Amino acid sequence: MIVFDRVTFGYNAKPILNELSFQVDPGEKIAILGGSGEGKTTILKLIVGLIRPDSGRILIEGEDITHKTEEELNDVRRKFSIVFQAGALFDSLTVKENVAFCLREYTKMTEDEIDAKVRELLRLVDLEPAIHLMPAELSGGMHRRVAIARSLAVHKPIMMLYDEATAGLDPVNSDNICNLIVELSSFGMGHMMVTHKVVDALKVADRFLFLEGGTVVFDGGADELLASSHPHIRTFVDELRYQPKVSGKR
Amino acid sequence: MQIRPLISSLQDFYLLSYHGFLGIFRRPFYWKDTLEQMDYAGAGSFFIMALVSLFVGMALSLQLAAELAVLGLKMYIGKVVGITIIREVGPVVAALVFTGRVGAGMASEIGSMMIGNQVDSLRVFGVDPIKKLVTPRLVASLVMLPALTIMGDAISLIGAWYIAAFVSNQSSYVYWSTVRGVLDFQNVFSGAVKPFMFGYLIASISCYMGFTTRGGSTGLRTSTTNAVVMSIIMIIISDFVLTRILLYVLGYKT
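Residues numbered from 1 in each chain as written. Chains lettered and ligands numbered in written order. Predicted model: local features only at pLDDT ≥ 70, side-chain atom pairs only at ≥ 80, totals over all residues. Heavy atoms only, no water.

S.K.: Hey, could you go over helix H5 (residues 140-151) of chain A for me, with residue numbers and the actual values?
M.R.: When the terminal C-alpha atoms of H5 of chain A are compared, their 17 Å separation across 12 residues agrees well with the 16 Å that a helix rising 1.5 Å per residue should span. Most of H5 of chain A is tucked away, with 11 of its 12 residues classed as buried. Taken together, the buried positions of H5 of chain A are occupied by Gly141, Met142, His143, Arg144, Arg145, Val146, Ala147, Ile148, Ala149, Arg150 and Ser151 of chain A. Buried positions along H5 of chain A lie against strand E6 (80-83), helix H3 (95-106), helix H4 (111-124), strand E7 (159-163) and helix H6 (171-185) of chain A together with helix H4 (118-124) of chain B. (Helix = DSSP H or I, 4+ residues; strand = E, 2+ residues; numbered from the N terminus. Expected span 1.5 Å × (residues − 1). Buried < 20%, exposed > 50% of the residue type's maximum accessible area, 1.4 Å probe, protein only. Contact = heavy atoms within 4.5 Å.)

S.K.: With reference to specific residues and values, describe the layout of surface pockets.
M.R.: Any space left empty among the atoms is revealed by the rolling of a water-sized probe across them. If you add up the space inside the second largest pocket, you get close to 800 Å³. When residues of the lining of the second largest pocket are traced back to their parent elements, those giving at least two are H3 of chain A together with helix H2 (31-71), helix H3 (77-115), H4 and helix H5 (129-166) of chain B. Of the residues in the lining of the second largest pocket, the class split is 12 nonpolar, 5 polar and 11 charged. (1 Å grid on protein atoms, 1.4 Å probe; cavity = no way out; pocket = protein on both sides within 12 Å on 5 of 7 lines; lining within 4 Å. Points joined across faces, edges and corners; volume = space filled by probe spheres on them. Nonpolar A, V, L, I, M, F, W, Y, C, P; charged D, E, K, R; others polar.)

S.K.: I'd like a rundown of the sheet that holds strand E8 (residues 190-194) of chain A, residues and numbers included.
M.R.: Residue and element names in this part refer to chain A. Spatially, 6 strands are ordered E6-E7-E8-E3-E9-E10 in an open sheet, and the strand pairing comes out mixed. Edge positions in the sheet fall to E6 and strand E10 (215-220), since each has one partner strand and no second. The mean inter-strand angle of the sheet, taken between neighbouring strand axes irrespective of direction, is 15°. The sheet contacts of H5 involve E6 and E7, and relative to E6 the element is tilted by about 165°. Sitting on the sheet, H6 touches strand E3 (29-34), E7 and E8, and the angle it makes with E8 is about 155°. (Pairing = 2+ DSSP bridges. Axes fitted to C-alpha atoms, helices over the stretch in contact; angles between N-to-C directions.)

S.K.: Help me get a handle on the interface of chain A and chain B, residues and values and all.
M.R.: Counting residues at the interface gives 18 residues for chain A and 14 residues for chain B. A buried area of about 1500 Å², summed over both sides, lies between chain A and chain B, and 55% of it is on carbon and sulfur atoms. Across the chain A-chain B interface, the total number found is 2 salt bridges. The partner of lysine 45 of chain A in a salt bridge is aspartate 120 of chain B, and the shortest N-O contact between them spans 3.4 Å. Our count for the chain A to chain B interface comes out at 9 residue pairs in polar contact (both at pLDDT 80 or more). For the side of chain A that touches chain B, the elements supplying multiple residues, two or more each, are helix H2 (70-77) and H3 of chain A. If one sorts the elements of the side of chain A that touches chain B by residue count, H3 of chain A sits on top with 4 residues. In terms of residue class, the side of chain A that touches chain B is made up of 10 nonpolar, 2 polar and 6 charged. (Buried area = accessible area lost by both parts, 1.4 Å probe. Salt bridge = Lys/Arg side-chain N within 4 Å of Asp/Glu carboxyl O. Polar contact = N/O pair within 3.5 Å; in protein donor to acceptor, adjacent residues only side chain to side chain.)

S.K.: Can you lay out the packing of aromatic side chains for me, pointing to particular residues and giving the numbers?
M.R.: According to the stated counting rule, one finds 15 aromatic pairs over all chains in the structure shown. Taking the centre distance of 5.7 Å and the plane angle of 80° together, the rings of phenylalanine 13 of chain B and tyrosine 208 of chain B count as edge-to-face. Pair noted here: phenylalanine 13 of chain B is in helix H1 (residues 3-22) and tyrosine 208 of chain B is in helix H7 (residues 185-211), with a separation of 195 residues, a long-range link. Taking the relative accessible area as the measure of exposure, phenylalanine 13 of chain B reaches 22% and is therefore partly exposed. Ring centres of phenylalanine 21 of chain B and phenylalanine 25 of chain B lie 5.6 Å apart, and the angle between their planes is 75°; on these two criteria the pair is classed as edge-to-face. Three or more aromatic residues link up through ring pairs in this structure, and these residues are Trp161, Tyr162, Phe166, Tyr175 and Trp176 of chain B. Over the ring of phenylalanine 90 of chain A we find arginine 150 of chain A; its NZ or CZ atom is 4.8 Å from the centre of that ring. When the ring centre of tyrosine 40 of chain B is taken as origin, the NZ or CZ atom of arginine 101 of chain B, which lies over that ring, is 4.6 Å away. (Phe/Tyr/Trp six-rings, centres within 6.5 Å; stacked < 30°, edge-to-face > 60°. Lys NZ or Arg CZ within 6 Å of the ring centre and 35° of its normal.)

S.K.: Provide a residue-level description of the sheet that holds strand E2 (residues 14-24) of chain A, including the pertinent values.
M.R.: The strands that make up a sheet pair up through hydrogen bonds in the backbone, lying either parallel or antiparallel. Residue and element names in this part refer to chain A. The 4 strands lie next to each other as E2-E1-E4-E5, forming an open sheet whose pairing is antiparallel. Unpaired on one side and paired on the other, E2 and strand E5 (63-64) mark the two borders of the sheet. Of the strand pairs in this sheet, strand E1 (residues 2-11) and E2 are connected by 7 bridges, and their pairing is antiparallel. What sits directly across from tyrosine 11, in E2, is lysine 14. Helix H1 (residues 40-47) contacts E1, E2 and strand E4 (55-60) of the sheet and is inclined by roughly 120° relative to E1.

S.K.: Break down the packing of H3 of chain B against helix H8 (residues 217-249) of chain B for me, citing the residues and quoting the values.
M.R.: Residue and element names in this part refer to chain B. It is the contact of H3 with H8, at a shortest axis distance of 9 Å, that shows an interaxial angle of 150°. Judged by the angle between their axes, H3 and H8 are roughly antiparallel. Along this stretch, H3 crosses H8, giving a crossing that reads as right-handed. In this structure, H3 uses Arg87, Glu88, Val92, Ala95, Leu96, Thr99, Ala104, Ala107, Ser108, Gly111, Ser112 and Ile115 to contact H8, whose residues at the interface are Leu220, Ser223, Thr224, Ala227, Val228, Ser231, Ile232, Ile235, Ile236, Asp239, Thr243 and Leu247. Its residues assigned to classes, the contact of H3 with H8 shows 13 nonpolar, 8 polar and 3 charged. (Parallel < 35°, antiparallel > 145°, perpendicular 65-115°, else oblique. Left-handed = near helix turned anticlockwise from the far one by under 90°.)

S.K.: Tell me what's going on with the side chain of arginine 145 of chain A, and back it up with residues and numbers.
M.R.: Residues and elements named next belong to chain A. Assignment of secondary structure puts arginine 145 in helix H5. One buried charged side chain, arginine 145, makes no salt bridge at all; its nearest oppositely charged neighbour is aspartate 126, positioned 4.4 Å away. Sequence-distant contacts of arginine 145, defined by excluding residues within four places in its chain, comprise Val125, Asp126, Leu127, Ile177 and Leu180. (Lys, Arg positive; Asp, Glu negative; His and termini not counted.)

S.K.: Please give an account of the pairing of E3 of chain A that cites residues and values.
M.R.: Residue and element names in this part refer to chain A. Across the 6 residues of E3, 6 count as buried, placing the element largely inside the fold. As defined by bridge partners, E3 adjoins E8 across 4 bridges and the pair is classed as parallel. Among the inter-strand pairings, isoleucine 30 is bridged to a residue of E8, identified as methionine 192. One ladder, built from 5 bridges, connects E3 with strand E9 (residues 207-212); its direction is parallel. Counterpart to leucine 33 in the pairing with E9 is phenylalanine 210.

S.K.: Pulling in residues and values, what's your account of the pattern of salt bridges?
M.R.: Residues and elements named next belong to chain A. Here the structure, examined in full by the defined rule, presents 27 salt bridges over all chains. Among the salt bridges present, the one from arginine 6 reaches glutamate 19, with a minimum N-O distance of 3.3 Å. Placement of the pair is arginine 6 in strand E1 and glutamate 19 in strand E2, with a sequence separation of 13 residues. Between aspartate 75 and arginine 78 there is a salt bridge whose closest N-O contact spans 2.8 Å.

Given below as structure tokens:
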């Protein structure tokens, strides 16, 4: 469904991705791991066409999106929902208005219908009581949950993209977000989560890519990841030793 | 300074301001956002604009009274103050105040939306960020800056009258009749055209600088500062160019 074919990308002549190639099949639950600045978020932005590769091709459901116009990309973007780091909620809008944003843009729903839909989505992320709060009044975890609710408002994506969904959260909130991600995947959506936290990646994914030097140095399952002898992967995996208990799937 | 990035930036600025302007005539129309921006830019700026205009008018009147008294021409305070304020000082002062309050706000608001991925969110939702963010601000500036300029001019003239009447002991009747005398088509037209150009420049430059914000709070500081500095420079330069053109068009000899 998603194919990266020798994709190269850099910011201001600083190379980030170097002839990166991988493929993601429909419904896959995948985690992209790697250090800061390795291009994890860049991959998500390339998938939804927010940035364009310097060279190489990106295919979404067999369609090359590399040279599509901004309007043509809207069709591609409807296939995904992306939850940015920290949620990217609109500061000037309440939780309700944030979740209702796309409903107001793209549907002709009445105010009552919008209210019912927003409450349904907020119930899904366990945040209905926060419906009238402003983003500034929410905790980090609540931000992410509202962002997830907002991303599901208009259409059901074929894949959810999470950019560091648990970054900066305490273990309890991280666990809540991971559980929510797993719960949403039970509705038939695949997901791709970018993270540097192996413990969270293990909870939500069954396939792992590890990025280093702008390319994939590891692509495999949880057992292979944990047994990898690659020095940087070992550094990431060794963090698990300090976790008293790793719950969730492997 | 490198030429290619400069040309690229000018091209991006042109495209942003062009598409922002075209957005006024194309669906969808973001009425609520436009009204919010008009309220912020217009009603929100009125008090500071009134305060600044009042004291500019009073200072101008004091300065001119001192000079005109030497020549025995104090009765012309109203005429000179009126022309100066309506044609030149009023529009420029209003634009500078507008830049400081509204332009800086536009750049920092859009800048923080860039940093917080909110602009990317809009694009992912299929919403054109220029239509949603730039056009309402452009409309607000094009409507509210001329309105604020007219109110500022009136308040400046009142401030100048206060000094002329109560400090320079001039007749109020003479002051207001000479002011009324300068309110002809040429002077009013000269003063009315400029705020539209200034409003367009301030909104375009500020929004553009907001969209170029990169990095964290330092990037936001840089883009906001650049928005204010570039707007001020462009206001002063375009004021000179417009004055030259208007004087020519209206048949003044210089």
